[in-house]
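One letter stands for each residue in the lines below.
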Amino acid sequence: MSLPAYTAPLRLRPAIGWQPPALDEQAVDLLYDEAVAVSRDQRRGYSQPTLRVHLRAADLDPMFGPQATQRAALPDPEPWLRQLAAAMLECMTGVRAPSQIARWVSPLVLERVNRRNVIARRRGAHPIAPPRVRKVHVCEPDDGVAEASIVVHHQGRVRALALRLVGVDGRWMVTAMELG
């Protein structure tokens, strides 16, 4: 068997149409906004199985929205704070679902607790022992407002938890939280 004779040199030509078609500016903006939102949520570790709704204060009807409650109509905050502080710490360590405390905390506090819950579950952290509330100190700077400093024994450490409570619809609601 003989090889065919080599007749002409091989020529390379560029392929035509290998690049995708150009997008208009609106499509590029939409794709960029989606990519930024996805990366922001991934960075934040945000994971919530329910629809996330933000209500602006301008959209709320003052007659049908949350109503401020005077101190005389509210229960003593100290025993309630003992239970809530332990529940919040359990939520932050991934033992309890943050949705269990959603009724008693503001949306901003719930988001912070949820973020810490996601991080703890992702790390696979298991608490050494359940949190124990050692001491609760409550002061009331205004009618229907209480500020509490709580000393807890949590994950082998003594920590401080500061909460601000506001009377809303006949119950206490946590509107600010700091964990030290």
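Details of the structure are given in the entry above.
Everything numeric here is computed off the predicted structure, so don't read it as measured data. (Residues numbered from 1 in each chain as written. Predicted model: local features only at pLDDT ≥ 70, side-chain atom pairs only at ≥ 80, totals over all residues. Heavy atoms only, no water.)

Chemist: Could you clarify how one ought to interpret the overall build of the chain in this entry?
Modeler: For the chain, the helix and strand inventory stands at three helices and four strands. Taken from N to C terminus, the helices and strands of the chain fall in the order α-α-α-β-β-β-β. Out of the 180 residues in the chain, the part that is buried amounts to 27%. Considering only contacts in the chain between residues 6 or more positions apart, those separated by 24 or more positions represent 52%. Carbon and sulfur atoms form 58% of the exposed surface of the chain, whose accessible area is close to 13,300 Å². (Helix = DSSP H or I, 4+ residues; strand = E, 2+ residues; numbered from the N terminus. Buried < 20%, exposed > 50% of the residue type's maximum accessible area, 1.4 Å probe, protein only. Contact = heavy atoms within 4.5 Å. Areas by Shrake-Rupley, 256 points an atom, 1.4 Å probe, with all protein chains shown as cover.)

Chemist: Looking at this model, I keep getting lost on the pairing of strand β2 (residues 145-154). Mind explaining?
Modeler: On a regular strand, one side chain projects to one face of the sheet and the next to the other, so that they alternate. Inspection of the sheet shows strand β1 (residues 132-142) paired to β2 by eight bridges, in the antiparallel sense. Its bridge partner being in β2, histidine 137 is matched across the sheet by serine 149. Adjacent in sequence and paired antiparallel, β1 and β2 are bridged by two residues, among which glycine 144 carries a positive phi angle near 80 degrees. In terms of strand pairing, β2 meets strand β3 (residues 157-168) through 10 bridges, oriented antiparallel. (Pairing = 2+ DSSP bridges.)

Chemist: Can you walk me through the environment of leucine 161 in this structure?
Modeler: Its location among the elements puts leucine 161 in strand β3. On the basis of relative accessible area, leucine 161 is assigned to the buried category, the value being 2%. It is 5.8 Å that separates the C-alpha atoms of leucine 161 and serine 149, two residues lying 12 residues apart in sequence. Non-local contacts of leucine 161, meaning those with residues more than four positions away in its chain, are made with Ala85, Ala148, Ser149, Ile150, Met177, Glu178 and Leu179.

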